[in-house]
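For reference, the chains in residue letters:
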Amino acid sequence: MKAMDPAYVGFRGGEKEPSRPGNLKLVTAICSVCQRKRNVPEGVAVRAGEQYICASCAEKQASGAAS
Ligand SMILES: [Zn+2]
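Fair warning: this is a prediction, and the values are worked out from it, not measured in the lab.

Criteria and thresholds
- Residues numbered from 1 in each chain as written.
- Predicted model: local features only at pLDDT ≥ 70, side-chain atom pairs only at ≥ 80, totals over all residues.
- Helix = DSSP H or I, 4+ residues; strand = E, 2+ residues; numbered from the N terminus.
- Buried ≥ 20, exposed ≤ 12 C-beta atoms within 10 Å, placed from the backbone.
- Contact = placed C-beta atoms within 7 Å.
- Pairing = 2+ DSSP bridges.

Participant: Where do I start with the overall build of the protein in this structure?
Facilitator: Across its full length, the protein carries 3 helices and 2 strands. Its helices and strands taken in sequence order, the protein reads α-β-β-α-α from the N to the C terminus. A burial count over the protein gives 6% of its 67 residues as buried. For the protein, the proportion of contacts with a sequence separation of at least 24, taken over those separated by at least 6, is 5%.

Laid out in structure tokens, this is it:
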């Protein structure tokens, strides 16, 4: 079971995209800040809608807001 799970391979393979185990469906969302396409969990994309902000931009905004 573990060997057949693609998420398990990602977990061990050290891929740059963090993959979670389970039936998490990824969709393409475009970051409203950098306009880059990102693979995000469907729930996140639906909730954010057109205001989706990718993780790196969110970090920049968070650090910018703190200063
Ligand atoms: Zn971004």
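Following the structure, the description resumes.
Participant: Looking at this structure, how should I read the pairing of strand 1 (residues 26-30)?
Facilitator: Along a regular strand, successive side chains alternate from one face of the sheet to the other. In this structure, strand 1 lies alongside strand 2 (residues 37-41), joined through 5 bridges in antiparallel fashion. Bridged to Thr28 within strand 2 is Asn39. Once strand 1 ends, the chain turns through 6 residues before running back antiparallel as strand 2, passing Gln35 with a positive phi of about 65 degrees.

Participant: Honestly, the environment of Leu24 in this entry has me stumped. Any pointers?
Facilitator: Topologically, Leu24 is positioned in the loop between helix 1 (6-13) and strand 1. Assessed through the 13 C-beta atoms surrounding it within 10 Å, Leu24 is described here as partly exposed. Sequence-wise, Leu24 and Glu42 are 18 residues apart; in three dimensions their C-alpha atoms are separated by 7.8 Å.

Participant: Whenever I open this one, unusual backbone geometry confuses me. Can you help?
Facilitator: Note: most residues except glycine have negative phi, and most peptide bonds are trans. Positive phi, normally seen in glycine, also occurs at Gln35, with a value near 65 degrees. In this fold, Gln35 is placed in the loop between strand 1 and strand 2. For Gln35, a count of 9 C-beta atoms within 10 Å gives the class exposed.

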